[in-house]
Structure formats: C-alpha cells, structure tokens
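The lines below spell out each chain.
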Amino acid sequence: MSAFAPRVFSGVQPTGNLHLGNYLGAIRKFVALQESQDCIYCVVDLHAITAQLVHEDLKSQIRSITAAFLAAGIDPKRHIVFNQSRVSGHAELAWIFNCVARIGWMNRMTQFKEKAGKDRENASLGLLAYPSLMAADILLYRATHVPVGDDQKQHLELTRDIAIKFNNDFSERIAAAGVGTPVQMGEETVNGYFPITEPLIEGPATRVMSLKDGAKKMSKSDPSDLSRINLTDDADQIARKIKKAKTDPDALPSEPAGLAGRAEADNLVGIFAALSERSKADVLSEFGGRNFSEFKPALAELAVTSLGPVTGEMRRLLAEPAHIDAVLKDGGDRANEIAEQTMRDVKEIVGFLQ
Ligand code: TYM
C-alpha cells in the first residue's frame, strides 16, 4: 500500500446550472467523505474556459457552485473550498504534465472527442490538454482519493498514467531530492513522488441519465430543460419534470434484474435509491408491481423534500456574495500553502534552478 496520507480532492466546473447528476454523483459524496477524510473541493474555473472562452458571468457561476457546496453541507473551515485560478500551481504543474503526457493519450479521451465534435482542428489546445490540468489539480495536493461520477473515470485513469510516468522517469531524481515515498505500482513498490490516485465511483447514482432519454447522461448542456432537475428548480418544477419523465408502460419489477433493458425505469429507481440512501433492491421490494402513476408522485415528493433545504440554503448564501468570496479566499490561501510545497519539490525533481 502507498504511504501517502489519505487526502480527498474533487472539482466541479462553473459552467451552467448544477443538476441532480452533479449532486448525487459528486457533491453529496463530498459531504459524506468530509466526516472521515481531509478534503479539498475546488471550483475549477480554469477548466471552464477550455470549451468556451468568453462567459457571460463567470464570477456568479463560481459563486453559485461554491454556494451549492456549502448548502449541501461542506464545512469550509475543517476542509478547503476554493476556486482553481487563485492557486497558480494548478497551471504550473499542468504545464509540466503536458510534457509528461503523450498526445496519443489525449486524443483517446472520449470526452475530448465528444466536446470537440467533428471540427477537431478548431477545438482549443486547452480542451485537448484538459485531462493534464485535471491530473495537476489532483496531484498538486498529492490526493489519494477522488470522488466523481462515472463520466470522469477515463480522466482519472489518465491521472494515474501521468503519476506513474512521472514517478518512473524521475525515480533517481526523486530519490536524490529526498522527497520520495514508497508507492505501489502494480507488483512493485517504487520510490515515487505522486500517489496512484483511487477513483471513488460507487452507489446507485454514478451515472444519472436524462429524464427524456435513458440512453443519454443528464447534462448541463442538454438543450431540453425537461431532461434534468436543476438545483435551482422549485418544488413545482421538480414535480412537473418527474411527471413528464419518459417511462415505459410496464409496472416496476420486484428485483433489480427486472430493470435490464428498461433504461428509463432503471434511472428513476436509481434516483429514488440515491435520494433515500437505500439500495435499488430495497426500493423495488417496496414498489415492485406498482405503476409509474404511483411511483412518480412518491419520487417527486422525495426529490422535493431532499433538495428543498439545499436549494433554499443556496439562495440564501447567494444573497451574501461577500461571505462566499471570503470562503474562497481563505480556502485559496490554505490550498496555496500545500501547492507551493509540491511545486518546490517538483521543480527540484525536474531540475529547475530556484
Ligand atoms: P463536471 O463539472 O462536469 O461535473 C461535476 C461532477 O458531477 C459528476 N456528474 C455526474 N454524476 C452522475 N450523473 C451525471 N449525469 C453526472 N454529470 C456530472 C461528474 O462526474 C463530476 O464528478 N472534469 C471534471 C471537473 C474536474 C475534476 C478535477 C474532478 C476538474 N478537475 C479533479 C475531479 C478531480 C468535470 O468536468 O466535472
């Protein structure tokens, strides 16, 4: 096992409204982890400009994600909450990782292919190098665990590849600088500088799907607002969207195996399970044999009662931007202390004069 102190890092982009997928797949897990781990949660504003350079109001988007973190229950005093661009180490380490990672690795990223679309030549260089910045976010703090939704799995594999290549390519320099730590890499234990990060992708809501199409992920960028539940939706909107959600004509099965081939039913049951912190099997033992006309109102009520306190608190916090800004500044200062130490070590390992 690695000898790194356990540390959790994760990030959310300040682009568009947060939705139920972000909440169940990521933010709620951030909250749970803070009970047992040291956590750093970041609003990744440098990532936000990779797909679209000019944003109408990036500042209010950054505040809104921060408000969601706090409203969901993240404690910014015991842990660290900040926006990425405040800590210059992210961009500096990403540059070094751009020289570690290979272009072929980046070209294989499905998210790059999806976001760049047909006109790949015209995508920003930042969009191609995005996973290298993401690896820098995590490894700047030598984080060992990263809670994310399923869509980030490939990026986290690439983060591991970057750490492995850095540890291997610089193994002698790491030893000479006296900054190494035993790292388990496959069968071998080597003297490395970066941990081989573990993704935390678990539970019934790692991939919340669109309410309109069970084959598509719930996403900020879907043109149909009916496809997602936003964290800014009120009770009526939430209930209406669940009522209009696509389903099939059959009753719910009594066991999870009966959800195979029923993507929309599977998704709604998964949402119910995640919101009520139960397993899908448990939810189906209650609702098996019942129709959607009974299940949907129960789901709407559960969604409204679970999300209501969070959205209410978000609105209250957003009315006090000075408080949010102070949280981000304090978090940024504390993040920077850790980041500066890493950058001093990395510069020594790479061989820069400092
Ligand atoms: P982003 O901003 O797209 O999403 C934030 C988090 O929400 C999860 N998520 C979902 N989970 C379940 N179902 C869905 N439909 C769904 N949609 C989104 C995402 O998996 C993510 O955990 N590249 C990252 C941000 C990032 C990051 C990092 C994450 C930058 N640096 C370092 C972890 C560590 C992103 O774009 O997430």
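All figures in this text were calculated on a predicted structure; none of them were measured in a lab. (Residues numbered from 1 in each chain as written. Predicted model: local features only at pLDDT ≥ 70, side-chain atom pairs only at ≥ 80, totals over all residues. Heavy atoms only, no water.)

Taken together, 28 residues are adjacent to the ligand, and Gln-13, Tyr-130, Asp-137, Asp-151 and Val-208 come closest. In the model, a nitrogen atom of the ligand is placed 3.0 Å from a nitrogen or oxygen of the Met-218 main chain. Taking 720 Å² as the accessible area of the ligand by itself, protein coverage stands at 96%. Listing elements by their share of the shell around the ligand, those giving two or more residues are β1 (8-12), α1 (20-33) and α7 (125-139). (Near = heavy atom within 4 Å. Polar contact = N/O pair within 3.5 Å; in protein donor to acceptor, adjacent residues only side chain to side chain. Areas by Shrake-Rupley, 256 points an atom, 1.4 Å probe, with all protein chains shown as cover. Helix = DSSP H or I, 4+ residues; strand = E, 2+ residues; numbered from the N terminus.)

Attention now moves to the pattern of salt bridges. Tallying each qualifying case throughout the model produces 21 salt bridges. The partner of Arg-160 in a salt bridge is Glu-198, and the shortest N-O contact between them spans 3.9 Å. Here Arg-160, found in helix α8 (residues 153-169), pairs with Glu-198, found in strand β7 (residues 198-200); they are 38 residues apart in sequence, far enough to count as distant. Judged by relative accessible area, which is 26%, Arg-160 ranks as partly exposed. A salt bridge links Asp-330 to Arg-334; its shortest N-O distance comes to 3.2 Å. Of this pair, Asp-330 and Arg-334 are both found in helix α14 (residues 321-350), four residues apart, which corresponds to roughly one turn of the helix. (Salt bridge = Lys/Arg side-chain N within 4 Å of Asp/Glu carboxyl O. Buried < 20%, exposed > 50% of the residue type's maximum accessible area, 1.4 Å probe, protein only.)

What follows deals with the environment of Ile-164. As for its placement among the helices and strands, Ile-164 is situated in helix α8. A residue is classified by how much of its surface remains accessible, and Ile-164, at 30% relative accessible area, is partly exposed. With 28 residues separating them in the primary sequence, Ile-164 and Gly-192 have C-alpha atoms 8.3 Å apart. Setting aside chain neighbours within four positions, we find Ile-164 in contact with Met-185 and Ile-196. (Contact = heavy atoms within 4.5 Å.)

The grouping of Ile-49, Leu-53 and Val-54 at the surface amounts to a nonpolar patch, some 310 Å² of accessible area in total. Tracing the backbone through its elements, the reader meets Val-54 in the loop between α2 (45-48) and α3 (58-72). Given a relative accessible area of 64%, Val-54 falls into the exposed group. (Patch = residues over 30% accessible without salt bridge, like charges linked within 9 Å, V, L, I, M, F, W, Y side chains within 5 Å.)

We now examine the pairing of strand β3 (residues 80-83). Residues Ile-80 and Phe-82 point to one face of β3 and Val-81 and Asn-83 to the other, with burial holding for every one of them. By the bridge criterion, four bridges tie strand β2 (residues 39-43) to β3 in an arrangement that is parallel. Among the inter-strand pairings, Cys-42 is bridged to a residue of β3, identified as Phe-82. (Pairing = 2+ DSSP bridges.)

Next up on the list: the side chain of Thr-66. Structurally, Thr-66 is set in helix α3. Judged by its relative accessible area of 0%, Thr-66 falls in the buried class.

Our next topic: the pairing of β2. Within β2, five of the five residues are buried, which leaves the element mostly enclosed by the surrounding structure. Burial along β2 is two-sided: Cys-39, Tyr-41 and Val-43 facing one way and Ile-40 and Cys-42 facing the other are all buried. When β1 meets β2, the two strands line up parallel, connected through five bridges. The residue bridging Ser-10 from the neighbouring strand is Tyr-41, located in β2. Handedness of the crossover joining β1 and β2 through α1: right-handed. (Right-handed = clockwise from strand over helix to strand, strands pointing away.)

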